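As a plain string of letters, each chain reads:
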Amino acid sequence: MAIPARPRTRGASRWQVKSLVRDWQLYSLLVLPMIYFLIFKYGPMFGVVIAFKDYNIFQGILASPWVGFDTFREVFQMDGFYRALRNTMLLNLLDLLISFPMPIILAILLNELRVKWFKKGAQMVLYLPHFISWIIIGGMAIQLLATNTGIVNNVIKSLGLQAVPFLTEPLYWVTTYLGIGVWQSAGWGTIIYLAALTGINRDLYEAAEVDGANRLRKMWHITLPGIKPTIIILLIINIGHMANIGFDRPFVLSNPLVTNVSEVISTYVYKIGIQSARYTIATAIGLFQAVVGLIFLLSADYISRKVNDQGIW
Amino acid sequence: MANQENATSRPDGRNRTVDVVIIIVITAASLLCLMPMLHILALSMSGNSAIMAGKVTLLPIDIDFTAYRTVFGNMQMIRSLGFTILLVSIFTVISMTMTIMAAYPLTKRHLKGRDVFLFIIVITMFFSGGMIPEYLLVRNLHLLDSIWALILPGAINAFYLLIIKTFFTSIPVELEESARIDGASQYRVLFSVVLPLSLPVLATLSLFYAVGRWNGFMDALLYITNSNLYPLQLRLYEMVVNSQVNSMLEGLSSVAPVPESLKAASIMFATLPILLVYPWLQRYFVSGMMIGAVKG
């Protein structure tokens, strides 16, 4: 009775060896990339353990003593941490409110354009800011918006108004940060919507015309509902990334006068970890952010499954 | 005839005002995108007195190329440009090679362990060690202050890998099978069948890797302290954002450009390569975005 079992296992292992022999060339291609992932992606993931250790460069990660959650207790007593967390969430929320609708409006307007060359040209110009690095955008912002020498304030002053401290007053700084975000992302963001717009059934427009609907009504009752699923998916994905914030944009645009509103988690981790070399604390802050980010992402996925019967990945 | 065509494509042609309003709005948005760059361009080639008087808006006044001469004569800027070109070239070649090497085997459904490999890759799209563990890894590998610190950690983008894999999968499997029956090795199939059929997507993703590396800044800020190895973005940050632009003027005795035009010229210096290739390659960027969107 035990006889059938043996040939099966032997057969299976022989088959595995055979597939290894047959596909050795495929496996050989995978070797370097997999080593890459293990070292450069999983290495740092393992490195996160220093958040639970009293990390000492000379002892290394493994030999440093465990301290449990002590580091997190310390982090939760840091005012700077709460400030960075608040700013991250607040700037992301405002960014979502202001930057999210712009590509939708732009895409609907672009879609209404009938003159081909004008549409093509406008798209080319509108996509351009996406390819300019934040360093260059930051440099341009400083030149254009400087209170004394910037062109924008020169124009404002020539109109007889007071110069606006775009980059040096917290409230104005937030506005500037958001405005530059729109400038950089609105055009490029239209691409997905424009693709969704091509999928709308032409017959719907004709039927609406027969019923006497004008342009605006067609935009409102056909175009907008046509891209509604895309809008919802992108909105959910954006909410999922609420706790994450890039480094370049806040880092380049901020200055010592506005740290109170411009210091976000990423720049704070840089300040604590790299500039002050407090690796354990900075790693713990980064890990905390990753956990919060994961909660947001999983919630977004859950909502997406409820709304669309489809996860976000 | 022409009228009829017009009538079908614009059934409610009587509502012209809407068209005009839309064209005005789009034109305004496009101008808003261009004007900052035009102003910087104007600043970079205007005369000192016009700049100081705040007269320069969108067109240069008293055209003067001293600022450009200073920037192009600055060894640090030139060295950063050369280093960045070298960096972007090596990075793009290595990244594309590694990405293709990973993507091709993973298109084979019969490959044992394929799901495990895919899982290992996809996980990295959602979890990362974060800034400090990555920094410590680079330091422990003794890569700080070397070009490899800017190449290896970001060599494979898991998202691009999945895009290429999706594209490879769309190639008719019969083509590969007939080559295999003719005795071609897997390597041979990849080189002679799969890659030639994938040139558009390979071009697009090379471009994505290259632009990402050209614009990349944070890793250089973290990993590079040797000023000889500053990529252009980091150099520009020092010059323009940190206002060390005056260091360029050291040793210049003749008529020196004002900081404004010097900064503007530095910005143009670093942007020009992107501006030069962008119009010709824009459709590749868009097509890449579309593949990504369909996949995501």
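Criteria and thresholds
Residues numbered from 1 in each chain as written. Chains lettered and ligands numbered in written order. Predicted model: local features only at pLDDT ≥ 70, side-chain atom pairs only at ≥ 80, totals over all residues. Helix = DSSP H or I, 4+ residues; strand = E, 2+ residues; numbered from the N terminus. Buried ≥ 20, exposed ≤ 12 C-beta atoms within 10 Å, placed from the backbone. Contact = placed C-beta atoms within 7 Å. Rg over C-alpha atoms; globule rule 2.2 N^0.38 Å. Expected span 1.5 Å × (residues − 1). Nonpolar A, V, L, I, M, F, W, Y, C, P; charged D, E, K, R; others polar. Core = buried A, V, L, I, M, F, W, Y, C linked by C-beta atoms within 7 Å. Axes fitted to C-alpha atoms, helices over the stretch in contact; angles between N-to-C directions. Parallel < 35°, antiparallel > 145°, perpendicular 65-115°, else oblique. Left-handed = near helix turned anticlockwise from the far one by under 90°. Domains from an automatic or database assignment. pLDDT = per-residue confidence, 0-100.

1. Looking at the overall build of chain B
Across its full length, chain B carries 14 helices and zero strands. Reading chain B from its N terminus to its C terminus gives the helix and strand order α-α-α-α-α-α-α-α-α-α-α-α-α-α. A burial count over chain B gives 39% of its 296 residues as buried. Taking as baseline every contact in chain B between residues at least 6 positions apart, the subset at least 24 positions apart corresponds to 67%.

2. Looking at the overall build of chain A
When its secondary structure is counted, chain A shows 17 helices and zero strands. Here chain A has a C-alpha radius of gyration of 27 Å; the compact-globule value for 313 residues is 20 Å, and the former is much larger. Along the first, second and third principal axes, the C-alpha atoms of chain A reach 90 × 60 × 35 Å. Looking at chain A residue by residue over its 313 residues, the buried ones come to 36%.

3. Observations concerning helix H11 (residues 199-215) of chain B
Taking 1.5 Å per residue, 17 residues should reach 24 Å; H11 of chain B reaches 24 Å between its end C-alpha atoms and fits that length. Residues of H11 of chain B that are buried include every one of Val201, Thr204, Leu205, Phe208, Tyr209, Val211, Arg213, Trp214 and Asn215 of chain B, and no others.

4. Comments concerning the interface of chain B and chain A
Each side of the interface is counted separately: chain B has 74 residues, and chain A has 70 residues. Element by element, the count of residues in the side of chain B that touches chain A is highest for helix H14 (residues 259-295) of chain B, at 14 residues. Broken down by class, the residue content of the side of chain B that touches chain A amounts to 51 nonpolar, 16 polar and seven charged.

5. Looking at helix H8 (residues 158-169) of chain B
A rise of 1.5 Å per residue sets the reference length of H8 of chain B, with its twelve residues, at 16 Å; its end C-alpha atoms lie 16 Å apart and thus fit the reference within 8%. Those residues of H8 of chain B that sit buried are Tyr160, Leu161, Leu162, Ile163, Ile164, Lys165, Phe167 and Phe168 of chain B.

6. Points about the nonpolar core
Formed by 136 residues in total, the largest nonpolar core has its most connected members in Val269 and Ile285 of chain A together with Ile164 of chain B. Not counting residues within four places of it along the chain, the set of residues in contact with Ile285 of chain A comprises Val75, Phe81, Ile265, Tyr268, Val269 and Ile272 of chain A.

7. Digging into the packing of helix H2 (residues 24-47) of chain A against helix H5 (residues 75-103) of chain B
Where H2 of chain A meets H5 of chain B, the closest approach of the two axes is 8 Å, and the angle between their N-to-C directions is 115°. Considering the angle they form, H2 of chain A stands roughly perpendicular to H5 of chain B. Where H2 of chain A crosses over H5 of chain B, the handedness of that crossing is left-handed. From H2 of chain A, Leu29, Leu30, Leu32, Pro33 and Tyr36 of chain A reach across to H5 of chain B, where they touch Met98, Met101 and Ala102 of chain B.

8. Concerning the environment of Leu62 of chain A
Residues and elements named next belong to chain A. Here Leu62 shows up in helix H3 (residues 60-63). Given 8 C-beta atoms within 10 Å, Leu62 falls into the exposed group. The spatial distance from the C-alpha of Leu62 to the C-alpha of Phe296 is 31 Å, given a sequence separation of 234 residues.

9. Overview of unusual backbone geometry
Excluding glycine, a negative phi dihedral is what most residues carry, and trans is how most peptide bonds are arranged. Residue and element names in this part refer to chain A. In this structure, Ala277 takes a positive phi of about 55° despite not being glycine. Topologically, Ala277 is positioned in the loop between helix H16 (265-275) and helix H17 (279-308). Overall, the presence of 10 C-beta atoms within 10 Å leaves Ala277 in the exposed class.

10. Here we look at the environment of Lys218 of chain A
All names here are of chain A. Secondary-structure assignment places Lys218 in helix H12 (residues 215-226). Owing to 17 C-beta atoms within 10 Å, Lys218 belongs among the partly exposed residues under this scheme. When the C-alpha atoms of Lys218 and Leu161 are compared, they prove to be 42 Å apart, with 57 residues separating the residues in sequence. When residues no more than four places from it in sequence are discounted, the contact partners of Lys218 are Tyr205, Ala208, Ala213 and Thr223.

11. Quick notes on the domain arrangement of chain B
Residues and elements named next belong to chain B. The domain architecture assigned to chain B consists of domain 1 (1-64) and domain 2 (69-296). Contacts between the two partners involve eight residues from domain 1, matched on the other side by eight residues from domain 2. Of all elements in the fold, only helix H2 (16-44) and helix H3 (48-52) reach the threshold of two or more residues within the side of domain 1 that touches domain 2. Grouping the constituent residues of the side of domain 1 that touches domain 2 by class yields five nonpolar, three polar and no charged.

12. Brief notes about the packing of helix H9 (residues 173-181) of chain B against helix H10 (residues 186-197) of chain B
Residue and element names in this part refer to chain B. The geometry of H9 relative to H10 is characterised by a closest axis approach of 10 Å and an angle of 140° between their N-to-C directions. By the criterion of interaxial angle, the relationship of H9 to H10 is oblique. As for the relative orientation of H9 and H10, their crossing is right-handed in sense. Contact residues: H9 offers Leu175, Glu176, Ala179 and Arg180, while H10 offers Val189, Val193 and Val194. Of the residues that constitute the contact of H9 with H10, the class distribution is five nonpolar, no polar and two charged.

13. Comments concerning the environment of Ala210 of chain B
Residue and element names in this part refer to chain B. Checked against the element boundaries, Ala210 lands in helix H11. Look at Ala210 and you get partly exposed, because 19 C-beta atoms sit within 10 Å. Other than its neighbours up to four places away in sequence, Ala210 contacts Val88 and Thr92.

14. Focus on the confidence of the model for chain A
Confidence in the prediction for chain A averages 88 pLDDT; 94% of positions are at 70 or higher. In the predicted structure, residues 1-9 of chain A sits below a pLDDT of 50 and forms zero contacts with residues beyond four places in sequence or in another chain.

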